[in-house]
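Listed below are the residues making up each chain.
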Amino acid sequence: MNPIDILGGMLNKRGGGGGLGGNILESILRGGRPGSGQPSGGAAIPGRPSGSPQIVEPRGRQEEFDSLEDLLRHAQGRQPRRAPTSHRQPAPPPQSFPQPDPRIARRQTDFDHHYQQHPDRCNQQAEVLIRAMVNAAKADGQIDQQEQDSIVQQMGHVSQDDIQWLRTEFARPLDVRDFVWSVPLGMERQVYAMSLMAIRLDNNAEVQYLRDLAFGLRMTPEECDQIHQEFGAPQIRWLGIQQLWILPLFDRPSFMSTPSADEPISNGVPTLGGRQFWGDVRFFSGWRIQRNVLTGHYRLLDADDRRHASGSRETCEQALKEQQRQRRLPAMSGRAVVLIHGIGRSSMCFSSMVRELQNDDVMPVRFDYPSTRQPIPELADYLRQVLVSLEGIDSIDFVCHSMGGLVLRSLLSQFDDSRLHRVVMLGVPNQGAELADFLKNNPVFRLILGPAGQQLITDRNGLIMSLAVPPCEFGILAGGRGGSRGYNPLLPEDNDSTVTVSSTRLPGATDFLRLPVIHAFLMSDPQAIEATRCFLRTGRFLPDREPQRIPETEIHVLE
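Here is a short report on the structure shown in this document. (Residues numbered from 1 in each chain as written. Predicted model: local features only at pLDDT ≥ 70, side-chain atom pairs only at ≥ 80, totals over all residues. Heavy atoms only, no water.)

**What to know about the overall build of the chain**
The helix and strand tally for the chain stands at 20 helices and 13 strands. A buried classification covers 55% of the 559 residues belonging to the chain. Contacts spanning at least 24 positions in sequence make up 74% of the contacts within the chain whose residues lie at least 6 apart. Accessible surface, the chain as shown: approximately 24800 Å² in total, 51% of it carbon and sulfur. (Helix = DSSP H or I, 4+ residues; strand = E, 2+ residues; numbered from the N terminus. Buried < 20%, exposed > 50% of the residue type's maximum accessible area, 1.4 Å probe, protein only. Contact = heavy atoms within 4.5 Å. Areas by Shrake-Rupley, 256 points an atom, 1.4 Å probe, with all protein chains shown as cover.)

Dropping the structure here:
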């Protein structure tokens, strides 16, 4: 199968229609870019009159756009133009197009050389554009066998393998989510424009398809409207609420981050947030494989949270093995400290603690999980998978903040690991959170914190009361002011603004310490960090004080 030939055939077919598709194709082939109205040298500043200064895009993105435009020319040049049929308007002759900028001709020569050097990458780009047009054409469900035959007959000189591949794409069920996952970063505008080119936009199904496509490609309504206006396409009404939460959901692969065989290993692509939708399932020397709780896709992140692969679990596992080989990553050994954040937070809240723990000859394991998306027992399974992946580690300590301690206790109710050494709980509501009692019926609270938030209440018959007590040394570090009232006047006693001191206490703890620190800063406060490090080394929070075991009531305040 040769995607370049197929793309060329489809472009020649669509380009001669004289309608919307022809206009878009003409603009692309002239060097214009959807949404810019400018040749490839720069992008117009929105709202400025013609002739105003232009913004020159960063070179990496500029070259990617140029390469895609040249790909279209290259594909069309490999297909002879066919005589128009009686029911179609004649295609404009090549000389009717304005003469292109000489830089475009030079770029085309460069692209021809680039294609010879990197055919796989160019073919992959062509395949994405083909699928964009095919999927858009299927949006109204009207590609019947007769229409398929008509398209194939007008495609020019393509092989039987090409025809069979195209027919397979026609027969494939339309799955917008699967398609946008395959679209590399940097091709969003081209994919949207090619999709717009393939439809007439005269029914609700096609309108909804473009909405879903833009939704998955992270394109804003303003960007899409600009493309429609540029090419004279009808405007559509956007559902603005989609744009409020789609940005973090998809983390699509990029050609820029997929090294070819003759290129060095990529430095990865920065992630775009969305930590509440990803959970760790594998850890190796700072590298993590994560699963998206909504899409079921996986991604491979390095220690700097840069993405190196995405797709299936097998794809990411294979990519991790390749990184181990290329970077000579050492096998894991010794002692690990797993850091578990609370609800609505991420492992980044432990950044200060990680820097200090690195001085203690331990390996910090930052653990992320979708804390607002699933119930606590299901969240615990992410932790189980990470612990299983810690091959070579002899001893495992835990530092848990807030609900993170409940996730650990939930795991220990059904999972045993002989490497478990010590646990520090920072503001963990071991008896339930009174604040959750106040807010449990609030619709905003239920929406933001999800099912796990409903499990934080102080119900004696609730989930928390059934959780296991760590079968090892564990210490409780609470925040509070030391009086009858804490930082939050809505709570009935001393508290850290979120959890009361008494709620943190769990019988069996080998030491207890209260610090004048509010809930959100227990992971980053220097005193709390030093006390945590001391407990992990010695089993006590303060070297010059006897451990305060629970249920003992005397609590030491570190001034």
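**Brief notes about the pairing of strand S10 (residues 393–401)**
For S10, a buried count of eight out of nine residues is recorded, marking the element as mostly surrounded by other parts of the structure. Relative to S10, strand S8 (residues 334–340) runs parallel, the two being bridged by seven bridges. In the sheet register, Ala336 faces S10, and the bridge partner there is Ile396. Where S10 meets strand S11 (residues 420–426), five bridges bridge the pair, whose relative direction is parallel. In the sheet register, Cys400 faces S11, and the bridge partner there is Met425. Handedness of the crossover joining S10 and S11 through helix H16 (residues 403–412) is recorded here as right-handed. (Pairing = 2+ DSSP bridges. Right-handed = clockwise from strand over helix to strand, strands pointing away.)

**Topic: the packing of helix H15 (residues 376–389) against H16**
Orientation of H15 relative to H16, taken along the N-to-C sense of each, is 75°, at an axis distance of 8 Å. Between H15 and H16, the crossing angle belongs to the class labelled roughly perpendicular. Every residue of H16 that contacts H15 at Ile376, Pro377, Leu379, Ala380, Leu383, Arg384 and Leu387 is listed here: Met403, Leu406, Val407, Leu408, Ser410 and Leu411. For the contact of H15 with H16, a count of residues per class yields eleven nonpolar, one polar and one charged. (Axes fitted to C-alpha atoms, helices over the stretch in contact; angles between N-to-C directions. Parallel < 35°, antiparallel > 145°, perpendicular 65-115°, else oblique. Nonpolar A, V, L, I, M, F, W, Y, C, P; charged D, E, K, R; others polar.)

**Considerations on the side chain of Gln290**
Mapping Gln290 onto the fold places it in strand S5 (residues 287–292). One polar contact links Gln290 to Asp280, side chain to side chain, over a distance of 2.7 Å. Within the structure, the side chain of Gln290 is placed 2.9 Å from the side chain of Arg299, a separation counted as a polar contact. (Polar contact = N/O pair within 3.5 Å; in protein donor to acceptor, adjacent residues only side chain to side chain.)

**Some remarks on the sheet that holds strand S4 (residues 278–284)**
Pairing is antiparallel across the open sheet formed by five strands, whose spatial order is S3-S7-S6-S5-S4. The open sheet has two edge strands, strand S3 (269–270) and S4, and neither has a second partner. For S5 and strand S6 (residues 298–301), the ladder comprises four bridges, and the chain directions are antiparallel. Bridging across to S6, Ile289 finds its partner in Leu300. Contacting S4, S5, S6 and strand S7 (306–311), helix H13 (residues 313–327) runs over the sheet at an angle of about 140° to S7. Seen against the sheet, H15 touches S4 and S5 and runs at an angle of roughly 10° to S4.

**A short note on the packing of helix H9 (residues 188–197) against helix H10 (residues 204–216)**
Viewed as axis vectors pointing N to C, H9 and H10 meet at an angle of 170°, and their least axial separation amounts to 11 Å. As judged from the angle between their axes, H9 and H10 are roughly antiparallel. Contacts between H9 and H10 involve Val191, Tyr192, Ser195 and Leu196 from the first element and Leu210, Leu213 and Ala214 from the second. Along the lines of polarity and charge, the residues of the contact of H9 with H10 split into six nonpolar, one polar and no charged.

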